[in-house]
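Coordinates in review
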2 protein chains.
Amino acid sequence: MTDPAGDLQGWRIDLAWRGEGYVGWQRQPNGPSIQGAVEDALRQALGGEVVAVSSTGRTDAGVHAMHQVAGFSARSPRRPDRLRDALNALLPDDIACLDARLAPLDFDPRRWTLQKTYRYRILARTPRCPFRAGQTWHHRRPLDVPAMAAAAPALVGTHDFSSFRAAGCGARSPVRRVLGVDVRLCEDEVLIDVSGHGFLRHQVRIFAGTLVEIGAGRLSADALPAVLAARDRSQAGPTAPAQGLWLMRVVMGDGPREGSLI
Amino acid sequence: MTDPAGDLQGWRIDLAWRGEGYVGWQRQPNGPSIQGAVEDALRQALGGEVVAVSSTGRTDAGVHAMHQVAGFSARSPRRPDRLRDALNALLPDDIACLDARLAPLDFDPRRWTLQKTYRYRILARTPRCPFRAGQTWHHRRPLDVPAMAAAAPALVGTHDFSSFRAAGCGARSPVRRVLGVDVRLCEDEVLIDVSGHGFLRHQVRIFAGTLVEIGAGRLSADALPAVLAARDRSQAGPTAPAQGLWLMRVVMGDGPREGSLI
């Protein structure tokens with residue numbers, strides 16, 4: 001460590017990454033993780049000081065982030081822009097530090113999150129695209145996007161989302177508050193934007209997989225209230241592939257969010 | 001060959017590719033080419049028939065194509081949508097066939113081109129982006145985009161572009177007709193769109209490198225007429241890196257273009 005006796009300082013770092021080469025956010029024994037890569041780069045950038053980085057939540061293997069917020073505490077003093085540049089020099093090419101700034105010592109990305117927006121991207125055309133392999137779900141057959149858009153609002157609000165929760169989800173409660181689900185066609189992609197405070201395991205991917213069932217005509221556009229009410233994973237559609245999921249934007253408050261963490 | 005005795009049929013195929021892994025369009029001994037990959041896939045798709053594929057022009061190593069048009073003649077009959085799907089199954093992931101259709105036997109992509117539009121993409125921000133490495137020129141310092149936009153129209157029109165032509169350019173004449181050069185800021189990218197019938201070697205990349213000199217304040221915004229008039233490569237800016245160059249769109253006529261091929 002360059003300054004082992006310095007005072008502990010809180011930090012916020014904003015990150016982006018391509019998910020193809022990673023087992024997800026969390027450090028795991030079976031392959032490289034975003035958390036591991038960021039902690040390794042920080043240790044080098046901080047002259048050997050070992051820090052523990054937390055983010056607003058885990059992301060699955062293969063999921064991309066245009067914007068994720070993470071935090072840590074360190075004793076080594078650094079200028080924020082220099083730390084950002086050092087991280088970008090040390091991190092692999094598929095992870096970038098967008099910003100680094102000082103934060104209060106009690107900064108907790110997960111608890112301070114006001115809103116997270118995910119986008120699920122479906123490439124809806126017959127030929128594949130060399131620029132979007134691994135970054136979209138390629139669905140070759142036509143989708144009824146108006147039917148998907150009409151169905152989506154049924155997923156908004158505070159609900160028991162047990163029907164849209166992966167086996168093995170560790171959350172204590174299946175209740176979450178979803179702030180918005182918008183489906184639209186943008187050129188050759190169907191975009192599903194989902195915002196909320198936080199999500200159950202695979203929740204957004206099961207939303208996408210279920211909406212695609214509606215778009216393909218295998219599920220009625222007015223079926224979602226009954227699927228929700230069933231609180232039964234088998235009533236919803238399949239889990240859409242991780243590669244189409246993008247964490248787009250995290251909005252942070254200036255302290256822990258009021259109320260429960262649903 | 002499945003049908004060696006069939007009549008010769010002209011074909012048009014529309015392609016897209018990521019340029020990172022290729023030596024450029026043209027077959028070369030020093031590495032994989034787009035032309036080689038497409039000819040190899042066509043030979044398999046046509047049951048062993050060997051065909052020669054030509055495009056509207058060469059592209060450099062590392063240059064990307066959102067849309068390029070190529071053509072060939074073959075004796076093996078195929079349904080166009082089946083040929084497109086077969087090519088997409090046979091081609092590497094970073095090359096796609098967007099469309100395949102029958103064409104007249106005298107179809108010549110280069111001579112039938114009405115207009116080609118290239119885009120040069122500059123990522124103009126300090127932190128890098130994990131999704132655009134290899135697909136943009138990362139220019140960390142600020143650029144005066146209004147000055148670049150004000151200077152660009154001087155490059156439009158029919159001119160002797162010797163100042164914007166790479167050493168080794170094989171074109172007989174340095175005169176070309178440029179139909180448009182537009183510079184604009186789009187979020188964190190400076191986009192330079194250049195359209196014309198065809199271009200000299202490195203012409204668009206030297207346009208981009210010279211406009212960046214203006215944006216960085218190293219060359220005056222009103223210098224371009226004198227740079228053009230000098231007909232001297234050393235008067236223009238450096239050649240911008242290939243990775244930022246994208247062939248965006250090719251417009252084909254229904255026969256050879258009238259007039260000279262400038």
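Only a predicted model underlies this, so the values are computations on that prediction, with no experimental measurement involved. (Residues numbered from 1 in each chain as written. Chains lettered and ligands numbered in written order. Predicted model: local features only at pLDDT ≥ 70, side-chain atom pairs only at ≥ 80, totals over all residues. Heavy atoms only, no water.)

1. Description of the overall build of chain A
From N to C terminus, chain A includes 6 helices and 10 strands. For 262 residues, the compact-globule formula gives about 18 Å, and the C-alpha radius of gyration of chain A, at 20 Å, lands near that figure. In terms of principal-axis extent, the alpha carbons of chain A reach across some 65 × 45 × 30 Å. The burial tally for chain A puts 56% of its 262 residues in the buried class. Considering only contacts in chain A between residues 6 or more positions apart, those separated by 24 or more positions represent 73%. For chain A, the computed accessible surface area is about 11300 Å², with 49% contributed by carbon and sulfur atoms. Looking at charge distribution, chain A has the averaged site of its 33 positive side-chain charges lying 3 Å from that of its 27 negative ones. (Helix = DSSP H or I, 4+ residues; strand = E, 2+ residues; numbered from the N terminus. Rg over C-alpha atoms; globule rule 2.2 N^0.38 Å. Buried < 20%, exposed > 50% of the residue type's maximum accessible area, 1.4 Å probe, protein only. Contact = heavy atoms within 4.5 Å. Areas by Shrake-Rupley, 256 points an atom, 1.4 Å probe, with all protein chains shown as cover. Lys, Arg positive; Asp, Glu negative; His and termini not counted. Charge placed at Lys NZ, Arg CZ, Asp CG, Glu CD.)

2. A closer look at helix H1 (residues 34-45) of chain B
Residues and elements named next belong to chain B. For H1, built from 12 residues, the straight-helix expectation of 16 Å at 1.5 Å per residue is met to within 8% by its first-to-last C-alpha distance of 16 Å. Residues of H1 that are buried: Ile34, Gln35, Gly36, Ala37, Val38, Glu39, Ala41, Leu42 and Ala45. The N-terminus of H1 is capped by serine 33, whose side-chain oxygen sits 2.9 Å from the backbone nitrogen of glycine 36. Positioned one or two residues after H1, glycine 47 has a phi angle of 65°, which is positive. (Expected span 1.5 Å × (residues − 1). Polar contact = N/O pair within 3.5 Å; in protein donor to acceptor, adjacent residues only side chain to side chain.)

3. Quick word on the environment of glycine 48 of chain B
Secondary-structure assignment places glycine 48 of chain B in the loop between H1 and strand S2 (54-55). Sequence separation between glycine 48 of chain B and arginine 101 of chain B is 53 residues; the distance between their C-alpha atoms is 20 Å.

4. A closer look at the pairing of strand S3 (residues 64-74) of chain B
Residue and element names in this part refer to chain B. Of all 11 residues that make up S3, 9 are buried, and the element is covered over most of its length. In the sheet, strand S1 (residues 9-17) pairs with S3 via 8 bridges, with the strands oriented antiparallel. In the sheet register, glutamine 9 faces S3, and the bridge partner there is alanine 74. Judged from the 2 bridges that link them, S2 and S3 form a sheet pairing that is antiparallel. For serine 55, the partnering residue across the bridge sits in S3 and is alanine 70. Bridge analysis of S3 against strand S10 (residues 245-252) gives 2 bridges, and the strand direction is parallel. (Pairing = 2+ DSSP bridges.)

5. Some words on the relation of the copies chain A and chain B
The transform that puts chain A on chain B rotates by 180° and translates by 0.0 Å along the axis, for an RMSD of 0.0 Å. The two molecules are tied by a two-fold rotation axis, judged by turn and shift. Considering only C-alpha atoms, the residue of chain A closest to the rotation axis is phenylalanine 131 of chain A, which sits at 5.0 Å. A shared binding surface is used by both copies, with 100% of the interface residues of chain A retained as interface residues in chain B. (Least-squares fit on C-alpha atoms with pLDDT ≥ 70 in both.)

6. Concerning the layout of surface pockets
In this structure, the largest pocket spans a volume of roughly 1700 Å³. Forming the boundary of the largest pocket are 43 residues, of which Arg121, Arg132 and Glu189 of chain A together with Arg121 and Glu189 of chain B lie nearest the centre. Classifying every residue of the lining of the largest pocket by side-chain character gives 19 nonpolar, 4 polar and 20 charged. (1 Å grid on protein atoms, 1.4 Å probe; cavity = no way out; pocket = protein on both sides within 12 Å on 5 of 7 lines; lining within 4 Å. Points joined across faces, edges and corners; volume = space filled by probe spheres on them. Nonpolar A, V, L, I, M, F, W, Y, C, P; charged D, E, K, R; others polar.)

7. Points about the packing of aromatic side chains
Counting across every chain of the model gives 18 aromatic pairs over all chains. A centroid spacing of 6.3 Å and a plane angle of 85° characterise the contact between tyrosine 120 of chain A and tryptophan 137 of chain A, whose relative ring orientation is edge-to-face. One end of the pair, tyrosine 120 of chain A, is in strand S5 (residues 113-123); the other, tryptophan 137 of chain A, is in strand S6 (residues 137-138), and 17 residues separate them in sequence. Like tyrosine 120 of chain A, the residue tryptophan 137 of chain A is buried in the burial classification. Look at tyrosine 118 of chain B and phenylalanine 199 of chain B: their rings are 5.5 Å apart centre to centre, the planes differ by 80°, and that puts the pair in the edge-to-face class. (Phe/Tyr/Trp six-rings, centres within 6.5 Å; stacked < 30°, edge-to-face > 60°.)

8. A closer look at the domain arrangement of chain A
Residues and elements named next belong to chain A. For chain A, the domain assignment lists domain 1 (6-107) and domain 2 (114-252). The straight-line distance from the C-alpha centre of domain 1 to that of domain 2 is 28 Å. On the domain 2 side, the residues contacting the 18 residues of domain 1 number 16 residues. Between domain 1 and domain 2 lies a buried interface of about 1300 Å² when both sides are counted; carbon and sulfur atoms form 56% of it. Run the count over domain 1 and domain 2 and you get 1 salt bridge. Notably, a salt bridge pairs aspartate 60 with arginine 205, separated by 2.8 Å at the nearest N-O pair. (Domains from an automatic or database assignment. Buried area = accessible area lost by both parts, 1.4 Å probe. Salt bridge = Lys/Arg side-chain N within 4 Å of Asp/Glu carboxyl O.)

9. Re the interface of chain A and chain B
Between chain A and chain B, the residue contacts involve 26 residues of the former and 26 residues of the latter. For the pair chain A and chain B, the summed buried surface comes to about 1800 Å²; carbon and sulfur atoms form 60% of the total. Taken as a group, Arg128, Pro130 and Phe131 of chain A account for 42% of the area that chain A buries against chain B, more than any other trio of residues on that side. For the pair chain A and chain B, the number of links is 10 residue pairs in polar contact (both at pLDDT 80 or more). Of all the secondary-structure elements, those providing two or more residues to the side of chain A that touches chain B are strand S1 (9-17), strand S3 (64-74), helix H2 (80-90) and strand S4 (95-103) of chain A. Of the residues in the side of chain A that touches chain B, the class split is 15 nonpolar, 4 polar and 7 charged.

10. Quick notes on helix H5 (residues 203-215) of chain A
The terminal C-alpha atoms of H5 of chain A, which comprises 13 residues, lie 18 Å apart, in line with the 18 Å expected from a rise of 1.5 Å per residue. When you tally the buried positions in H5 of chain A, you get 13 out of 13 residues, the bulk of the element.

11. Side note on the side chain of threonine 59 of chain B
Residue and element names in this part refer to chain B. Mapped onto the elements, threonine 59 comes out in the loop between S2 and S3. According to the relative accessible area criterion, threonine 59 is buried, its value standing at 9%. Sequence-distant contacts of threonine 59, that is, excluding residues within four places in its chain, are made with Trp17, Gly24, Trp25, Tyr118 and Leu247.

12. Examining the side chain of threonine 113 of chain A
Residue and element names in this part refer to chain A. Structurally, threonine 113 can be placed in strand S5. For threonine 113, a relative accessible area of 2% gives the class buried. At a separation of 3.4 Å, a polar atom in the side chain of threonine 113 contacts the main-chain carbonyl oxygen of arginine 110. Residues contacting threonine 113, with those up to four places away along its chain left out, are Thr56, His197, Val250, Val251, Met252 and Arg257.

13. What about the environment of serine 162 of chain B?
Residues and elements named next belong to chain B. When you line up the elements, serine 162 lands in the loop between strand S7 (157-160) and strand S8 (175-186). Here the alpha-carbon distance between serine 162 and leucine 228, two residues 66 residues apart in the chain, equals 7.6 Å. Excluding residues within four positions of it along the chain, serine 162 makes contact with Pro174, Arg231, Asp232 and Arg233.

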